[in-house]
Amino acid sequence: MVFRLAQPAPSPSLCRHHNTEAVDGAAAVAAAAAPAAPQRSEPVHPGAGTGAGAARPDRKPRPAGRKQEPQFEPPLEALVMALIPSQVLRVAILLSYFSILCHYRALDMPAHQTYGGSWKFLTFIDLVIQAVFFGLCVLIDVSSLLTKGGDSREQERQLRKLIGLRDWMMAVLAFPVGAFVVCTFWSLYLVDRELVYPKLLDNFIPQWLNHGMHTTVLPFVIIEMRTTQHRYPSRGWGLAAACCFSLAYILWTYWVNQVTGVWVYPVLERIGSVARVLFFAAMTALMCLLYTLGETLNSYIWDPPTAKVKGE
């Protein structure tokens, strides 16, 4: 009988060590035998899936809670003003007033042969005011082009004086008187044209000339206000100047009646003395109201209120 000596069993830790070495060696052999996989050029985003519904890595996610800002589109009137420079508009308006004045002076009307001639009518005075005003605007445009890039302080000082005179005329004369002529003429014309523009005048004044004197005045002055910023004087001085103009014309009207015995407008013939005084007082108040309207409109165009951005 042969007896064999029993060998001691290997420890568990030694077995695990041999098994780990065997696995690592097999993995190294497999890795050396396998072909190298091509590297992807696209960056791998964390959390991106590999299925059909996964997000594309080249598309950036849109931040939550942020709306797309609308694109700015300039208003149509700004595009029209950009197509036609304001200098060209002023020259065209000035030439139109010259044409209206020439045609009006060429009319063979009995009223032009009496005392005061055309100067007793507020419409003609307004045409002269508008022509002088736009002539001053054109002169400023030409002077600005000639002195552009110059270093002469004297020329700048003279140019500032012209600009100040232009702004004063716009505030006190051009807008309030022009708006007054348009509003009062067409208001009385709609009530009874015989009060301000008898039908007999159709034989002397064509329709286009009538609208040139009593209609286009207001749009022209509004265009000028829209294209150029004007600095208004203080409201007290501005209203005082507008009242002085109204009072001067009223006194001129009374003087013409004192010399000729005829009132300038038929509406003054149909009312009494007290009503005539009240009428002139109401017209003066309307002139002051139109001055305030022009000041407000100029401020609305060039000094708009600051709009608060939503969410700030």
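Asks: I'm lost on the confidence of the model for the protein in this one. Help?
Replies: Detailed reading of predicted coordinates is not advised where the pLDDT is low. In the predicted model, the protein carries a mean pLDDT of 79, and 70% of its residues have values of at least 70. Scored below 50 in pLDDT, residues 1-57 shows five contacts in the model against residues more than four places distant or in partner chains. Per-residue pLDDT stays below 50 along residues 307-312; that stretch engages in zero contacts with residues further than four places along the chain or on separate chains.

Asks: What exactly am I supposed to notice about a nonpolar patch on the surface here?
Replies: There is a patch of nonpolar side chains on the surface, built from Val91, Leu95 and Phe98 and spanning about 280 Å² of accessible area. Take Val91: it is sitting in helix 3 (residues 86-105).

Asks: It is not clear to me how the environment of Pro233 should be interpreted in this structure. Could you clarify?
Replies: With respect to the element layout, Pro233 can be found in the loop between helix 7 (217-227) and helix 8 (235-260). Between the alpha carbons of Pro233 and Gly164 there is a distance of 9.6 Å; along the sequence they are 69 residues apart. Residues contacting Pro233, with those up to four places away along its chain left out, are Ala171, Gly238, Tyr291 and Glu295.

Asks: It is not clear to me how the side chain of Asn210 should be interpreted in this structure. Could you clarify?
Replies: With respect to the element layout, Asn210 can be found in helix 6 (residues 207-214). Among all residues touching Asn210, those that are not within four sequence positions of it are Phe185, Trp186, Tyr197, Ile205 and Thr215.

Calculation rules
Residues numbered from 1 in each chain as written. Predicted model: local features only at pLDDT ≥ 70, side-chain atom pairs only at ≥ 80, totals over all residues. Heavy atoms only, no water. pLDDT = per-residue confidence, 0-100. Contact = heavy atoms within 4.5 Å. Patch = residues over 30% accessible without salt bridge, like charges linked within 9 Å, V, L, I, M, F, W, Y side chains within 5 Å. Areas by Shrake-Rupley, 256 points an atom, 1.4 Å probe, with all protein chains shown as cover. Salt bridge = Lys/Arg side-chain N within 4 Å of Asp/Glu carboxyl O. Helix = DSSP H or I, 4+ residues; strand = E, 2+ residues; numbered from the N terminus.

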